[in-house]
Amino acid sequence: MSRLAIVAAMEREVAPLIRDWKVRTIEHSGRRYRIFENDAAEIGDAVLICGGIGPEAARRATEAVIHEARPGRVLSVGFAGALDSTMKVADVLEPRVVVNAADGARTGTGSGEGTLVSYAAVSDRDQKLRLAKAYGAVAVDMEAAAVAQGAQARGIEFGALKAISDAADFRMPPVDRFVSSEGQFRAARFAMHVAVRPWLWGRTIALARNSARASRALCAAVENYLKRGSVNRTNCDPL
């Protein structure tokens, strides 16, 4: 596998993975990004960018990392909500197909199984039911389709790995209200909002715990993905 560019929304999703990676700052189209680079030979040549929450932030980050790293493959990673009741928190999905709910565009990944649908807002239980019915998807995220379309536009291979952070019937706290136009989560404002609303405490604590579990599972899956690519590349090297 040639150089891999990984696109995530938030650093906290991938913190266990990039803890020992080198980091530097780049600028692209007037925005600054932190680029994390792996130099461990056993898991291959990879760079990672955290672009922010939502499709527009993902699109910009994908353009930035492709321009900077010239990868042979782009991988969308992060959290997803379950649409299938059999999927549990910390399950990891490598979807065979990614669908953009905005326009119905479908992107194949060439591996994995199941369908992931990307929707432009945080999905509540009712929206999850509608998405599952409309697309036959097993999980929903916000960024993968934008990353896929960015890679496709440049003729670059695409893949995705998503860890379930909320079950199909989980009642999400109102996190979407605290995402800026740049895709950044305003954690302090969200904490102040929740602090004076005791009815949100249980859901918020559960989401934090679930997210921590999902992050560990995701990072383990990405590391295995990198090792798998490194092994394949070594096997293909001429003697």
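The numbering scheme is per chain: residues are counted from 1 as the chain's sequence reads. Per-residue local features are limited, in this predicted model, to residues with pLDDT of at least 70; the limit for side-chain atom pairs, both in listing and counting, is 80 or more; totals at the level of whole chains, interfaces and linings are taken over all residues. Excluding hydrogens and water, the side-chain figures rest on all heavy atoms present in the structure.

## Examining the overall build of the protein chain
Link 1 in the chain: Only DSSP runs of H or I reaching four residues or more are called helices, and only runs of E reaching two or more are called strands; each is numbered from the N terminus. Check the secondary structure of the protein chain and you find 6 helices and 11 strands.
Link 2 in the chain: Radius of gyration: C-alpha atoms only; globule rule: 2.2 Å multiplied by the number of residues to the exponent 0.38. Taken against the 2.2 N^0.38 rule, which gives 18 Å for 239 residues, the C-alpha radius of gyration of the protein chain at 17 Å falls within 12% of a compact globule.
Link 3 in the chain: Expressed as a percentage of its 239 residues, the buried residues of the protein chain come to 52%.
Link 4 in the chain: Partitioning the contacts of the protein chain with sequence separation of at least 6, the portion at a separation of at least 24 is 69%. With a 1.4 Å probe rolled over the protein chains alone, any residue whose accessible area is under 20% of its type maximum counts as buried; one over 50% counts as exposed, and the rest are partly exposed. By definition in these notes, contact holds between two residues if any of their heavy atoms fall within 4.5 Å.

## Let's talk about the pairing of strand β1 (residues 4-8)
Strand residues, when the strand is regular, have side chains that alternate between the two faces of the sheet.
Link 1 in the chain: Across the 5 residues of β1, 5 count as buried, placing the element largely inside the fold.
Link 2 in the chain: Paired strands, in this sense, are two strands between which DSSP finds at least two bridges. Across 5 bridges, the pairing between β1 and strand β4 (residues 46-50) is parallel. Each residue of the ladder has a partner; that of I6, found in β4, is L48.
Link 3 in the chain: Sheet topology note: the β1/strand β5 (residues 73-82) ladder contains 4 bridges and is parallel. Note on β5: the bridge partner recorded for I6 is L75.

## Some points on helix α5 (residues 187-195)
Link 1 in the chain: Within α5, burial applies to F190, H193 and V194. Looking down the long axis of α5, one finds its buried residues gathered within 95 degrees of arc, a one-sided arrangement. Residues A188, R189 and M192 are exposed on α5 and point more than 90 degrees away from its buried face. The arc in question is the one traced by the directions running from the helix axis out to the C-beta atoms.

## Comments concerning unusual backbone geometry
Link 1 in the chain: Unusually for a residue other than glycine, R70 sits at a positive phi of about 50 degrees.
Link 2 in the chain: Inspection of the secondary structure assignment puts R70 in the loop between α2 (55-69) and β5.
Link 3 in the chain: Of the residues examined, R70 reaches a relative accessible area of 57% and is grouped as exposed.
Link 4 in the chain: With a phi close to 85 degrees, A90 is a non-glycine residue in the positive phi region.
Link 5 in the chain: Within the secondary structure, A90 sits in the loop between β5 and β6 (92-93).

Everything listed is a geometric property; what it means functionally is a separate question.
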